[in-house]
Amino acid sequence: MDATKDILIIGGGIIGLAIAVELRQRGASVTILSRDFQEAASHAAAGMLAPYAEQIPPSPMLDLCTRSREMYADWTGKLENLTGLETGYNPCGILSPVFELPDNLAPLAPTSSWLNQTEIHAFQPGLNPDILGGWWHPEDGQVDNRKLVHTLRQAAKTLGVNIQEGAAVQSIIQKSGKIDKILTKNREYQAQIYILATGSWSSELIPLPVRPIKGQMLALRMPTPQSLERVLFGPNTYLVPRKNGRLIIGATSEEVGWTPHNTPLGMNALLQRGMGLYPPIADWTIEDFWWGFRPGTTDEFPILGPSAYDNLVLATGHYRNGILLAPITATLIADLITHQVTDPLLKPFNGDRFFA
Ligand code: GLY
């Protein structure tokens, strides 16, 4: 039996790692059980920080997302200082071109602006001539999610978080309304507080309405790193240019359970929609393609906070916004655990909303 004194986090993706770093910095002893770091949705994502481009309507979810985006510069700066590694945080703004004019041109945010057809083509040369206008969201941006999770994991290790890789949890044993222990194939673990941050895999351990929603992605090599410098977020398609010349194109959204792999249909859809938005990519080099599973919930909002078990906290179901929501999730969950403070921002995301 490994009796960890303090916190045991199940899940070693961006959410588990971000919480581990935050709690460790507050003095807790933290262990992470990670089944397979490479399979986490954190690697599959494009890294957009896009509450406005995702068109999240004014709501607690928009508040949560914008608060998290505001934390990104400081959060990634601290991780970079701690590790000497990069995160690729880039507040480059996101342009959302449209092929049909919306009825309402009132901006979602005071800082966002509507560009008419002439303005948008002057602002971003190369767009499909059929584009009639679009939104410019200067506060949205991106982070290189693969660099970020690597840096976050290094930060966790540097701070002394005990990361058990290859530790697939087989069952969660409960006793008298509390979690008693966690079983993996070879070992048992006990802690004072447990945190479930297993994303798409959550409902395999606890009855929660979280399901995998597959996203296929691909990457092109741009002719020069300056060929495209801001994120383009069009209908069902986004193009995310990294400073090193890689261009991420995403993403399909498929209800196919755990069916893995890229498909001709998925790749074709991405390429057609990408070229339809920004035709110059037709000649660029295909560099890579992959897929991953987003943790979708029935209302598309994350599940954050207390659970039916006294000593289990939930941080899962981040669906399309796991990268964006990592810093605010880590802070609010750490506040809940270390100060027993439930921030008003957290309340709407309590898992009991599904069982009312
Ligand atoms: N955040 C974009 C996506 O999940 O496709």
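You'll find the structure just up there.
Definitions and cut-offs
Residues numbered from 1 in each chain as written. Predicted model: local features only at pLDDT ≥ 70, side-chain atom pairs only at ≥ 80, totals over all residues. Heavy atoms only, no water. Pairing = 2+ DSSP bridges. Helix = DSSP H or I, 4+ residues; strand = E, 2+ residues; numbered from the N terminus. Axes fitted to C-alpha atoms, helices over the stretch in contact; angles between N-to-C directions. Parallel < 35°, antiparallel > 145°, perpendicular 65-115°, else oblique. Left-handed = near helix turned anticlockwise from the far one by under 90°. Contact = heavy atoms within 4.5 Å. Nonpolar A, V, L, I, M, F, W, Y, C, P; charged D, E, K, R; others polar. Near = heavy atom within 4 Å. Polar contact = N/O pair within 3.5 Å; in protein donor to acceptor, adjacent residues only side chain to side chain. Disulfide = S-S within 2.5 Å. Buried < 20%, exposed > 50% of the residue type's maximum accessible area, 1.4 Å probe, protein only. Expected span 1.5 Å × (residues − 1). Phe/Tyr/Trp six-rings, centres within 6.5 Å; stacked < 30°, edge-to-face > 60°. Lys NZ or Arg CZ within 6 Å of the ring centre and 35° of its normal. 1 Å grid on protein atoms, 1.4 Å probe; cavity = no way out; pocket = protein on both sides within 12 Å on 5 of 7 lines; lining within 4 Å. Points joined across faces, edges and corners; volume = space filled by probe spheres on them. Core = buried A, V, L, I, M, F, W, Y, C linked by side-chain atoms within 4.5 Å.

With that settled, the discussion passes to the sheet that holds strand E15 (residues 231-234). Ordered in space as E6-E7-E5-E15-E16-E17-E14-E18, the 8 strands form an open sheet in which the pairing is mixed. Two strands bound the open sheet, and with one partner strand each, they are strand E6 (113-116) and strand E18 (285-297). Strand-to-strand twist across the sheet, computed as the mean angle between neighbouring axes with direction ignored, equals 20 degrees. The sheet contact formed by strand E5 (residues 94-98) and E15 spans 2 bridges and is parallel. Residue pairing across strands places Leu 95 opposite Leu 232, the latter belonging to E15.

Taken N-terminus to C-terminus, the directions of helix H3 (residues 60-83) and helix H5 (residues 145-159) make an angle of 55 degrees; their axes are 9 Å apart at the nearest point. Here H3 is positioned oblique relative to H5, judged by the angle of their axes. Of the two elements, H3 crosses H5, and the hand of that crossing is left-handed. Across from Tyr 72, Trp 75, Thr 76, Leu 79, Leu 82 and Thr 83 in H3, the residues of H5 making contact are Leu 148, Thr 151, Leu 152, Gln 154, Ala 155, Thr 158 and Leu 159. Its residues placed into classes, the contact of H3 with H5 shows 8 nonpolar, 5 polar and no charged.

This part is about the site of the ligand. Close to the ligand lie Glu 54, Tyr 238, Ala 251, Arg 294 and Arg 320, which account for all nearby residues. Between Glu 54 and the ligand, the recorded distance is 3.3 Å, taken from a side-chain N or O atom to a nitrogen atom. Between a nitrogen atom of the ligand and a main-chain N or O atom of Arg 320, the distance comes to 2.7 Å. Looking at the shell around the ligand residue by residue, the classes come out as 2 nonpolar, no polar and 3 charged.

A few words on the state of the cysteines. Per the stated rule, a full pass over the model turns up 0 disulfides. With no disulfide of its own, Cys 65 lies closest to Cys 92 among cysteine sulfurs, the gap being 17 Å. Exposure remark for Cys 92: the relative accessible area of 14% places this residue in the buried category.

Before going further, it helps to examine helix H1 (residues 14-25). The terminal C-alpha atoms of H1, which comprises 12 residues, lie 16 Å apart, in line with the 16 Å expected from a rise of 1.5 Å per residue. Burial analysis of H1 places 10 of its 12 residues in the buried class, the great majority of the element.

Turning next to the packing of aromatic side chains. Scanning all chains against the criterion turns up 9 aromatic pairs. With a centroid separation of 5.9 Å and 25 degrees between ring planes, the pair formed by Tyr 72 and Tyr 89 is classed as stacked. Pair noted here: Tyr 72 is in helix H3 and Tyr 89 is in the loop between H3 and E5, with a separation of 17 residues, a long-range link. Relative accessible area serves as the criterion here: at 26%, Tyr 89 is assigned to the partly exposed category. Ring centres 6.1 Å apart and planes at 70 degrees place the aromatic pair Tyr 278 and Trp 284 in the edge-to-face group. You'll find Tyr 278 and Trp 284 in the same group, each marked buried. In textbook terms, an aromatic cluster arises when at least three aromatic residues are bridged by ring pairs, as seen for Tyr 72, Trp 75 and Tyr 89. In this structure, Arg 35 is placed above the aromatic ring of Trp 201, and the distance from its NZ or CZ to the ring centre is 4.6 Å. Here the basic side chain of Arg 230 rests over the ring of Phe 123, its NZ or CZ set 3.8 Å away from the ring centre.

Looking now at the layout of surface pockets. The computed volume of the largest pocket comes to approximately 790 Å³. Along the walls of the largest pocket sit 50 residues, with Ala 40, Ala 41, Ser 42, Phe 293 and Pro 295 positioned nearest its centre. The set of elements that each furnish at least two residues to the lining of the largest pocket consists of H1, strand E3 (30-34), helix H2 (41-44), strand E14 (210-221), E18, strand E20 (312-316) and helix H7 (322-339). Ranked by residue count, the leading element in the lining of the largest pocket is E18, at 4 residues. Partitioned by chemical class, the residues of the lining of the largest pocket number 27 nonpolar, 16 polar and 7 charged. Within this model, the second largest pocket holds a volume of roughly 500 Å³. What lines the second largest pocket is a set of 27 residues, and nearest its centre among them are Ala 53, Glu 54, Gln 55, Phe 233 and Arg 320. Only E5, E15 and strand E16 (237-241) provide two or more residues apiece to the lining of the second largest pocket.

Next up on the list: H5. Over its 15 residues, H5 extends 21 Å from the first C-alpha to the last, a length consistent with the 21 Å expected when each residue adds 1.5 Å. Buried residues of H5: Asn 145, Leu 148, Val 149, Thr 151, Leu 152, Arg 153, Ala 155 and Ala 156, and no others. Packed against the buried residues of H5 are H1, H2, H3, strand E9 (162-165) and H7. Just downstream of H5, Gly 160 is the residue with a positive phi angle, here 100 degrees.

Turning to the nonpolar core, a few remarks are in order. By size, the foremost hydrophobic cluster in this structure holds 52 residues, and its most contacted members are Ile 9, Ile 19, Leu 23 and Ile 195. Counting only elements with at least two residues in this core, the list comes to strand E2 (7-10), H1, E3, H3, H5, E20 and H7. Looking at this core element by element, the count peaks at 11 residues for H7. In terms of nonpolar packing, the next biggest core, distinct from the first, is built from 20 residues, Leu 228, Leu 247, Leu 277 and Trp 284 among them.

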